[in-house]
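Single-letter residue listing:
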Amino acid sequence: MIELENLVKNYTKGTVVTEVLKGVSFRVEKGEFVAIMGASGSGKTTLMNILGGLDKPTGGTYRLDGVDMARAGEDELSQIRNRKIGFVFQQFYLLDRADAMKNVMLPLIYADGDGGGTARAEAALAAVGLAARKHHHPAELSGGEQQRVAIARALVTDPLILLADEPTGNLDSRNGLEVLALFQRLHREGRTLVMITHDHAVAEHARRLIVLKDGRIVEDRPVDQPRDAETELRVTQDASGAGPS
Amino acid sequence: MHFARNAVLSCQILAARKLRTLLSMIGVVVGVGAVILMVSVGRGAEKSILDRIGKLGTDLIIVNAAPARLMIGRQRTVATVTTLSIADGRAITEDCPHVIAAAPAVSKSLVVRWESNNTTTAVSGMAAEGFRIRNIPIASGRPFDGDEDRARRRVAVVGPTVVKNIFGASDPVGEQIRIGRVPFEVIGVTRARGIDANGADQDDMVLVPLETAMRRLLNVPYIQTIYIQARGSQWLDQVEREVRNLLRARQRLTEGRPDTFTIQNQMTLLKTERDTARSMTLLIGSVAGIALLVGGVGILAVMLISVRERTREIGLRRALGARPHDIRVQFLVEAALLAGFGGILGVMAGIGATYAAAVLGFWEMLISWPAATIAFSFSITMGIIFGIYPALRASRLEPIQALKSE
């Protein structure tokens, strides 16, 4: 589904050329849950942008679902982002003037026309467990709920892959675990997920770990014993339940 | 792109920022409102002039027995001459093919008395046809006729101002008045006609038969004025030429000598006034149009701020699949919506102000629907034109940079 072949990305500022990605190759198949890990400056955000069709590689090839992304035009890239990719951002990026439903329906504005947008958005909100909150505005939702609305927005177009950039970075550990539990459930339902993080504990919820360092892959292995977010949630709950009383 | 769905979202975003949206529309509201108010005022002035043309009779030409000069933009007779006679009036009726009738007249300011009251007013001796030619309506009583003129009867038709000045509330018809020292019987009162184009009170006058005036009041053999009715308003210029040629021939004026008389074509006079009113309307309308343009610049400013503020939203939309074209359309639609709402409010404000001014009694006003339509369409067009640059800027943002912005 995702095929990267010797991917190179340089940024040129004046006469200074910075190499950010120095030949990255890997494949992601349908149904995988991959965590891409690296410290800041490792090139993981650039890789995420290229995977999401927001940026173009300087060299090498990137095929998504058979399409050569380096050759796609601006409008074609827009269409691919709309149909095949679901973005989840660290900062949620919800429109604070619009309620949960309107936010979830935002990608459908740019999708090819059929009716049933409302039904699809309701289904997506139900899938993230927020059916009851569809008319709440972002300000009325907790951070975890906001991120789940953002995930529903990513799911509403039924994309090939879900691309998450530090999805738990702005959340406390409990809300972070809830989001990870949701990802694990989506993975069990057969979705393909690629998650970028700097946090080892977060990465261990995925099934495969790719570690980037200075623009190169230094590690690409299955996670031996993936953590289970639901179990962790129960443990935290028990701990807090056994607290001062 | 789902155009309507996005437009609804745009409305909600604009509605959520009520104060900002209102402020950005104010320029357009004021501009559109001003255009409508100004043009309505101008149209009202135009209509009052057209009404005056109608009251005057559109087929009227006046010959004055005096050469004229332009004074302060208007034609004024400068000295009375004694060269016109009743025979000239008859000749005009008989020899000018496009003339229906002509009524010679003389006029002098005289003291009019009733019982112990007196007033000084313009006393006109006029041929009986004058009532019809000059379109003088009778409110009560009757006008005098040709027989009374030939018989030099001492009968008078008085204007409402004279009635007010010397009769007060009494009914003047049948009463005896003295004009100078000569007793007259009042047989009719004219209907009020108000102020004429030169600002003179048309109701402050007494009309008596021409022959009576010439022989019994003024003792003059000449006349001062001839009122001429043309066959139709389209013949006014033709009649003017015919009358001029005839009078010059009758007075043996050789080529190159100036006229000893003045021909006043009232239509020409009032047309000039109407044109003045029109250019005035155009002028104040244009000034208001500039106000509208300034409103457009306001929209430009607000849209530029909006693009800057919503950079992250633009980045998000691009990430979610919006093409540059979609972003462009969105911001154009928002600019058009702003201007359009402003335009609607402006139309309401303009019509409201026009009604208010009419109720407060400034002058007659005509709501100009063409002006309203044009001003409204112009506001939307302007919104789109001033929205182009912000929309282009929005669509050219790089999605990654836009998303990262604060």
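Residues numbered from 1 in each chain as written. Chains lettered and ligands numbered in written order. Predicted model: local features only at pLDDT ≥ 70, side-chain atom pairs only at ≥ 80, totals over all residues.

## Side note on unusual backbone geometry
Excluding glycine, residues mostly have negative phi values, and the peptide bonds linking residues are mostly trans. All names here are of chain A. Test applied: Partly exposed residues are those falling between the two cut-offs: more than 12 but fewer than 20 other C-beta atoms within 10 Å of their own, whereas 20 or more means buried and 12 or fewer means exposed, with C-beta atoms placed from the backbone. The secondary structure listing takes helices from DSSP runs of H or I that are at least 4 residues long and strands from runs of E that are at least 2 residues long, numbered from the N terminus.
Of note, Tyr93 is a non-glycine position whose phi angle comes to about 55°, a positive value. Take Tyr93: there are 22 C-beta atoms within 10 Å of it, and that puts it in the buried class. With a phi angle near 45°, Glu166 is a residue other than glycine that sits in the positive phi range. Of note, Glu166 is situated in the loop between β7 (161-165) and α6 (173-188). A residue is classified by how many C-beta atoms lie within 10 Å of it, and Glu166, with 20 of them, is buried.

## Brief notes about the interface of chain B and chain A
This is how it is decided: In this description, any two residues whose backbone-derived C-beta atoms lie within 7 Å of each other are considered to be in contact. Under the grouping applied here, Gly and all other residues not named as nonpolar or charged are polar, the nonpolar ones being Ala, Val, Leu, Ile, Met, Phe, Trp, Tyr, Cys and Pro and the charged ones Asp, Glu, Lys and Arg.
Counting from both sides, the interface comprises 20 residues of chain B and, opposite them, 21 residues of chain A. For the side of chain B that touches chain A, the secondary-structure elements that each account for two or more residues are α1 (3-16), α10 (311-319), α11 (324-359) and α13 (399-404) of chain B. Broken down by element, the side of chain B that touches chain A gets its largest block of residues, 6 residues, from α1 of chain B. The residue inventory of the side of chain B that touches chain A, partitioned by class, reads 11 nonpolar, 4 polar and 5 charged.

## A look at the packing of helix α9 (residues 266-309) of chain B against α11 of chain B
All names here are of chain B. Keep this limit in mind: Simply put, an axis is a line fit to the C-alpha atoms, just over the touching stretch for a helix, and the angle between two N-to-C directions goes from 0 to 180 degrees. Convention used here: angles under 35 degrees read as roughly parallel, angles over 145 as roughly antiparallel, angles from 65 to 115 as roughly perpendicular, and any remaining angle as oblique. In this scheme the handedness of a crossing depends on how the near helix is turned from the far one: anticlockwise by less than a right angle means left-handed, clockwise means right-handed.
Packing of α9 against α11 leaves a shortest axis separation of 11 Å and a crossing angle of 140°. Comparing their axes, α11 and α9 come out oblique. α11 is crossed by α9, and the crossing has right-handed handedness. In this structure, α9 uses Gly295, Ile299, Met303 and Val307 to contact α11, whose residues at the interface are Phe331, Ala335, Leu338, Ala339 and Gly342.

## Focus: the environment of Lys56 of chain A
Residues and elements named next belong to chain A. Relative to the helices and strands, Lys56 resides in the loop between α1 (44-51) and β4 (59-64). A tally of 14 C-beta atoms within 10 Å means that Lys56 is categorised as partly exposed. The spacing of Lys56 and Leu106 is 50 residues in sequence and 24 Å in space, taken between C-alpha atoms.

## Let's talk about the pairing of strand β1 (residues 60-64) of chain B
All names here are of chain B. Rules: In short, DSSP must find at least two bridges between two strands for them to pair.
Two strands pair when backbone bridges link them, and β1 and strand β11 (residues 225-230) are joined in this way by 5 bridges, in the antiparallel orientation. Bridge assignment links Val63 to a residue of β11, and that residue is Ile226. For β1 and strand β12 (residues 262-265), the ladder comprises 4 bridges, and the chain directions are antiparallel. Its bridge partner lying in β12, Ile61 is registered against Asn265.

## Side note on the sheet that holds strand β3 (residues 33-37) of chain A
All names here are of chain A. Pairing in this open sheet of 6 strands is mixed, and the strands run β6-β7-β8-β3-β9-β10 from one edge to the other. In this open sheet, the two strands that pair with only one neighbour each are β6 (85-88) and β10 (216-222). Mean inter-strand twist for the sheet, computed between neighbouring axes without regard to direction, equals 15°. Examined bridge by bridge, β6 and β7 share 4 bridges and lie parallel to one another. Bridge pairing links Ile85 to Ile161 in β7.

## Topic: the domain arrangement of chain B
Condition: Residue ranges for the domains trace back to a domain assignment, done automatically or taken from a database.
For chain B, the domain assignment lists domain 1 (3-51 + 272-404) and domain 2 (99-229). The centre of domain 1 of chain B, based on its C-alpha atoms, is set 58 Å off from the matching centre of domain 2 of chain B.

## Some words on the sheet that holds strand β5 (residues 67-68) of chain A
All names here are of chain A. Across the sheet, which stays open at both edges, the 4 strands sit in the order β2-β1-β4-β5 with antiparallel pairing between neighbours. Only two strands of the sheet have a single neighbouring strand rather than two, namely β2 (16-28) and β5. With 10 bridges connecting them, strand β1 (residues 2-13) and β2 associate as antiparallel partners. Among the inter-strand pairings, Asn10 is bridged to a residue of β2, identified as Glu19.

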